[in-house]
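Survey of secondary and tertiary structure
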Amino acid sequence: MTSTPQPPQGPAPTANAMRRALKRARDGVALDVTESAVLLQARGADLDDLCASAARVRDAGLEAAGRPGVITYSKSVFIPLTRLCRDKCHYCTFATVPGKLRRAGHGMFMSPDEVLAIARRGAELGCKEALITLGDRPEDRWPEAREWLEAAGYDDTIAYVRAISIRILEETGLLPHLNPGAMSWTDFQRLKPVSASMGMMLETTAERLWSEPGGPHYGSPDKEPAVRLRVLEDAGRSSVPFTSGLLIGIGETYEERAESLFALRRVSRAYHGIQELIMQNFRAKPDTAMRGMPDAELDDLVATVAVARHIMGPAACLQAPPNLVAGEYARLIGAGIDDWGGVSPVTPDHVNPERPWPQIDELAEQSAAAGFRLQERLAVYPGFVRRGEPWLDPRVLPHVRALADPETGLANEHAEVKGLPWQEPEDVFVPSGRTELHRAVDTEGRTGDRREDFDEVYGDWEALREAAAPGMAPEKIDADVRAALAQAADDPTRLTDAEALALLHADGPALDALCRIADDLRRDVVGDDVTYIVTRNINFTNVCYTGCRFCAFAQRRTDADAYTLSLEQVADRAAQAWDVGAVEVCMQGGIHPDLPGTAYFDIARAVKKRVPGMHVHAFSPMEIVNGATRTGLSVREWLAAAKEAGLDTIPGTAAEILDDEVRWVLTKGKLPAATWIEVVKTAHELGIRSSSTMMYGHVDQPRHWLGHFRRLAGIQQETGGFTEFVTLPFIHTNAPVYLAGISRPGPTTRDNRAVTAMARLLLHPHITNIQTSWVKLGAEGAAEMLRSGANDLGGTLMEETISRMAGSSYGSYRSVRDLVAIAESAGRPARARTTLYGEVPAERVAAAAASDGHLPELLPVLED
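To start, this report covers the structure provided alongside it. (Residues numbered from 1 in each chain as written. Predicted model: local features only at pLDDT ≥ 70, side-chain atom pairs only at ≥ 80, totals over all residues. Heavy atoms only, no water.)

1. What about the layout of surface pockets?
Note the following rule: Here a cavity denotes a set of grid points, spaced 1 Å apart and computed over the protein atoms alone, in which a 1.4 Å probe fits but from which it cannot get out, and a pocket denotes an open set meeting protein on both sides within 12 Å along at least five of seven lines; residues with an atom within 4 Å of a point are reported as lining. Grid points are joined across faces, edges and corners, and a volume is the space filled by probe spheres set on the points. Secondary structure counts use DSSP, requiring at least four H or I residues in a row for a helix and at least two E residues in a row for a strand, with both numbered from the N terminus. By the convention adopted, Pro, Cys, Tyr, Trp, Phe, Met, Ile, Leu, Val and Ala count as nonpolar, Lys, Arg, Asp and Glu as charged, and the other residues, Gly among them, as polar.
In this structure, the largest pocket spans a volume of roughly 630 Å³. Around the largest pocket sit 29 residues that line it, and Ile274, Ala315, Ala316, Cys317 and Arg387 are the ones nearest its centre. Elements with a contribution of two residues or more to the lining of the largest pocket: helix H3 (45–64), helix H11 (254–271), strand E6 (274–281), helix H12 (298–312) and helix H15 (382–387). A per-element tally of the lining of the largest pocket places H15 first, with five residues. Per-class residue counts for the lining of the largest pocket are 14 nonpolar, six polar and nine charged. Of the volumes computed, that of the second largest pocket is approximately 540 Å³. Around the second largest pocket, the lining is made up of 25 residues, and of these Asp156, Thr186, Arg190, Leu633 and Ser634 lie nearest the centre.

2. Some remarks on unusual backbone geometry
The omega torsion across Glu389 and Pro390 is 5 degrees, close enough to zero to call that bond cis. With respect to the secondary-structure elements, Pro390 resides in the loop between H15 and helix H16 (397–403). Omega for the peptide link from His764 to Pro765 comes to 0 degrees, which places this bond in the cis form. Relative to the assigned elements, Pro765 resides in the loop between helix H31 (749–762) and strand E18 (770–771). Even without being a glycine, Ser239 presents a positive backbone phi close to 55 degrees. By the element assignment, Ser239 lies in the loop between helix H10 (225–237) and strand E5 (242–248). Unlike most non-glycine residues, Phe619 shows phi in positive territory, near 75 degrees.

3. Quick look at the pattern of salt bridges
Rules: A carboxyl oxygen of Asp or Glu within 4 Å of a side-chain nitrogen of Lys or Arg is what we treat as a salt bridge. Relative accessibility under 20% of the residue-type maximum defines a buried residue, over 50% an exposed one, and the middle range a partly exposed one, all with a 1.4 Å probe and only protein chains included.
Per the stated rule, a full pass over the model turns up 55 salt bridges. With a closest N to O distance of 3.6 Å, Asp519 and Arg523 form a salt bridge. Residue Asp519 and its partner Arg523 are both found in helix H22 (residues 508–526); the two are separated by four residues, about one turn of the helix. Using a relative accessible area of 37% as the deciding quantity, one classes Arg523 as partly exposed. Where salt bridges share partners, they join Asp519, Asp520, Arg522, Arg523 and Asp528 into one cluster.

4. Regarding the packing of aromatic side chains
Rule in force here: Aromatic pairs are defined between Phe, Tyr and Trp rings, using the six-membered ring for Trp, whenever the two ring centres lie within 6.5 Å; interplanar angles under 30 degrees are classed as stacked, those over 60 as edge-to-face, and all others as tilted.
Tallied over the full model, the rule gives 15 aromatic pairs. Between the aromatic rings of Trp148 and Tyr160, the centroid separation amounts to 5.0 Å while the plane-to-plane angle is 55 degrees, which identifies the pairing as tilted. Of this pair, Trp148 sits in helix H6 (residues 143–152) while Tyr160 is found in helix H7 (residues 157–171), placing the two residues twelve residues apart along the sequence. We classify Trp148 as partly exposed; its relative accessible area is 21%. Judged by its relative accessible area of 1%, Tyr160 is buried.

5. Quick word on the sheet that holds strand E14 (residues 584–588)
Worth spelling out the cut-off: Only strands joined by at least two bridges in the DSSP assignment are considered to pair. Axis definition: a line fitted to C-alpha atoms, limited for helices to the stretch in contact. Angles are taken between N-to-C directions and run from 0 to 180 degrees. Two residues qualify as a contact provided that any one of their heavy atoms is within 4.5 Å of a heavy atom in the partner residue.
The sheet built from three strands is open, its strands ordered E12-E14-E15 with parallel pairing. Two strands in the sheet have a free side with no partner beyond their single neighbour: strand E12 (535–539) and strand E15 (615–618). Geometrically, the sheet is characterised by an average inter-axis angle of 25 degrees between neighbouring strands, direction not taken into account. Taken together, the four bridges between E14 and E15 define a ladder with parallel strand orientation. Bridging across to E15, Met587 finds its partner in Ala618. Running over the sheet, helix H23 (residues 567–579) touches E12 and E14 and is turned about 170 degrees from E12.

6. A short note on the environment of His90
Definition in use: Residues adjacent in sequence count toward polar contacts only when both atoms are side-chain atoms; beyond that, a polar contact is any pair of N or O atoms within 3.5 Å, and within protein one must be able to donate a hydrogen and the other to accept it.
Within the secondary structure layout, His90 lies in the loop between strand E1 (70–82) and helix H4 (98–103). Judged by its relative accessible area of 18%, His90 falls in the buried class. Residues His90 and Leu658, spaced 568 residues apart in sequence, show a C-alpha to C-alpha distance of 38 Å. Setting aside residues no more than four positions away along its own chain, His90 makes contact with Gly214, Gly215, Pro216, Tyr218, Thr288, Ala289 and Met290. A polar contact of 3.1 Å, which involves the side chain of His90, links it to the backbone oxygen of Gly215.

7. Digging into H12
Selection rule: Helices are assigned an expected span. That span is 1.5 Å times one less than the residue count.
Spanning 15 residues, H12 covers 21 Å between terminal C-alpha atoms, matching the ideal 21 Å at 1.5 Å per step. When you tally the buried positions in H12, you get 13 out of 15 residues, the bulk of the element. At the C-terminal side of H12, Gly313 shows a positive phi close to 95 degrees.

8. Concerning the pairing of E5
The side chains of a regular strand alternate, residue by residue, between the two faces of the sheet. For clarity, the cut-off: Here the term right-handed applies to a crossover when the path leading from its first strand over the helix to its second strand runs clockwise, the strands being oriented away from the viewer.
The element E5 is largely enclosed, with a buried count of seven among its seven residues. Here E5 shows two buried faces, one formed by Phe242, Ser244, Leu246 and Ile248 and the other by Thr243, Gly245 and Leu247. Taken together, the two bridges between strand E4 (residues 197–199) and E5 define a ladder with parallel strand orientation. By the bridge assignment, Met198 is partnered in E5 with Phe242. Sheet topology places E5 next to E6; seven bridges connect them, and they run parallel. Note on E6: the bridge partner recorded for Ile248 is Asn281. In this region the chain leaves E5, passes through H11 and returns to the parallel neighbour E6; the handedness of that crossover is right-handed.

9. A closer look at the pairing of E12
With respect to burial, E12 is a largely interior element, five of its five residues being buried. Taking every second residue as pointing to the same face, both faces of E12 are buried, with Thr535, Asn537 and Asn539 on one and Arg536 and Ile538 on the other. Two strands pair when backbone bridges link them, and E12 and E14 are joined in this way by five bridges, in the parallel orientation. Directly across from Ile538, in E14, lies its bridge partner Met587.

10. Section: the nonpolar core
As a reminder, the rule being used: Here, the term nonpolar core denotes a set of buried Ala, Val, Leu, Ile, Met, Phe, Trp, Tyr and Cys residues that are joined through side-chain atoms within 4.5 Å.
Formed by 130 residues in total, the largest nonpolar core has its most connected members in Met587, Trp676, Phe709 and Met758. Counting residues per element, this core draws most heavily on H22, at eight residues. With residues up to four places along the chain from it excluded, the contact list for Trp676 reads Pro621, Gly652, Thr653, Ala654, Ala655, Leu658, Leu671, Leu712, Ile715 and Phe722. In this structure, Val267, Tyr271, Ile311 and Val380 belong to the second largest nonpolar core, which totals 116 residues.

11. Considerations on the packing of H31 against helix H32 (residues 774–786)
What counts is decided by this rule: Geometric relationships in this document are graded by angle, where less than 35 degrees denotes roughly parallel, more than 145 denotes roughly antiparallel, 65 to 115 denotes roughly perpendicular, and other angles denote oblique. Helix crossings fall into two classes, left-handed where the near helix is turned counterclockwise from the far one by less than a right angle and right-handed where it is turned clockwise.
Running from N to C, H31 and H32 point in directions that differ by 45 degrees, and their axes come no closer than 10 Å. Here H31 lies oblique to H32, going by the angle between them. As H31 runs across H32, the sense of the crossing is right-handed. Contacts from Asn752, Arg753 and Thr756 in H31 reach Leu777, Glu784 and Met785 in H32. The class makeup of the residues in the contact of H31 with H32 is two nonpolar, two polar and two charged.

12. Here we look at the environment of Arg237
Relative to the elements of secondary structure, Arg237 occurs in helix H10. You can call Arg237 buried: its relative accessible area is 5%. Spatially, the C-alpha atoms of Arg237 and Phe553 are 19 Å apart, while their sequence positions differ by 316 residues. For Arg237, the side chain forms a polar contact with the side chain of Tyr271, separated by 3.3 Å.

Here it is in structure tokens:
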């Protein structure tokens, strides 16, 4: 038998330390880790004192939430979808092995019929939550699990969870609360449209309990604290109402337990997405490696609840499982809980099967004895019910509203629990809002400089400011700039990281020399011609709830500047562009919550049907992931279907900086760097080429630019799929991250020259076309970049809403004559190109020349 040793606790706190900590708690002063660790050891009268102050904090929160004197619970069914798991937690009796399941006559997973039988029985008894719990990615460890999934037609466990959740919604009306373990960012995108909420216990941040032999989590890859904290952050980034908590008494010290609570507070503060925290006490179980460990004492649990209440504050929802405390309900209420968790009249607690749920009537009586009224809630907590989007997907929102009290957000105990269709919203492509914004943004401008939900939608600005500070610190450069310039001139492919960083910091004469070297290399590789493309941007909607903090384009559907185009309007714009000589439409939009994953196919088809010869350059990697997760297809399958619908190439936007240190400051919910890379590589493998981009000058530093360039060069060496690299200077004027005082006010001219020159050098010889942005830099700025290594001016655009909403002052259209003039000011000739940098047909050149500067009325016209 093995067991985790008792934690190496230090000496008990002194009486003075306890008195000071208790006084700070009573006075409502913020506690630190050391004080919290002291209070976790409170016993006797000290514990009573601690609980009294914690209860006052809880009561203030309930009063503010409009439900004073209410303790909640969720009437649920527990569905153990599979008991197979790739982890080996030393205290767990839930996880088992395939042989035991076979001997007991069970499959590797519950069948749909088994799941639905439980859910239907729950619905008959008034249950409203389907708690779906399962082991972490069992197919990674057990061939039998993989074989079951393949035979049933599922790529992985998450695909089955998604499918069974849809059936539960449609056939029973219960709201799925999903606990599939450690999920990736992509997993959250796949499961959010089919669930009301999700969860995963943090358990502990004590890494030694995972890394050291004999520890309770040793041999369990998904129990690494850094992994679990990343899951909590990805839930927040994805606007998923999320349940987490601690498992106490598994060998952690009081300091480690306090640190775990503060880690939960940091995530909660940053994203406002943790809907409840469960404080669960360890109970030793037979037939486990930790069967010899003592149970966590009740005093230990009570003190942990009270300290958690002080740390998390009045707005937090705290739960302790009532079946694990042997009827000591009053002590937990007195310590500051406000919820009893899920209680089932149908199914046992499969994680703690030896501890049956209390009867709901008994819970009500015990709560009333402590002065509280028991009320039913849904799987998703009332605050998120009332907030709705972006926390609840439009496909799930009708199911939630059917069971919720519209006034309180709690459960409507009289609601009929019945299945409803799980479907995409109807009439997505009804034109709405400022559909003339592509023109009006150049004349009337935007309605305001920020959204009305500025203080909530992007997360906690103060927490973000703290997170951004380390990345904003400039680094010391020790490399010799002269030696680096010599290497760049001789062979830029041999530049070391230290030399490249020195050049990215170059200024004055060194910067001039760097730009000359880059320009010489440009001349040798692509010649003197400055290329451009006659194209039209079509931003089909700006409704978006992703929460990118750099983006001034995104609007809620109710905002004054919000709009959505119809398919007819998209096709009209494409046809107009063709009439004036365009060879390409570039189409991107916000991540509209009502937009079905197939809408992108409809957009591509609408353009190709109206203008068969038009090149469709559309849909960023973020839009591609959105489409794939909404349809349930893999990224590869979705891209193949999009290509069949008419997609030709994709823009390499949504890259920003391919470094998650920077990305998670810039954006709340956009795809991680690894997912962007996966999407782009997959597109290239399918023959769908893309551009590549970098947005810089915000919360980044030259070291981030270098890493970004190295990643792009590596992808290009592997796939050869990039057509060009596009520099995207950050437009700060209306960007939320700038308005909040966190980012820089965009890049300097020095930054722009250095980035352009180093793009030429560091991407050589893999990406040969370097594009500069006249819409962000203006004519003079673009010409300067042409003298610094760039060879392409991008497109005529005809309309450009994204940069203009951000505050760019350089308009939305440049005629061919304008672009030729920019090239000439740099001393270079200009020529038109296609998306793939091929020769433009003579008919297209003639059409562009005939219409140049005289665009149809619908298009923005800039007078000379």
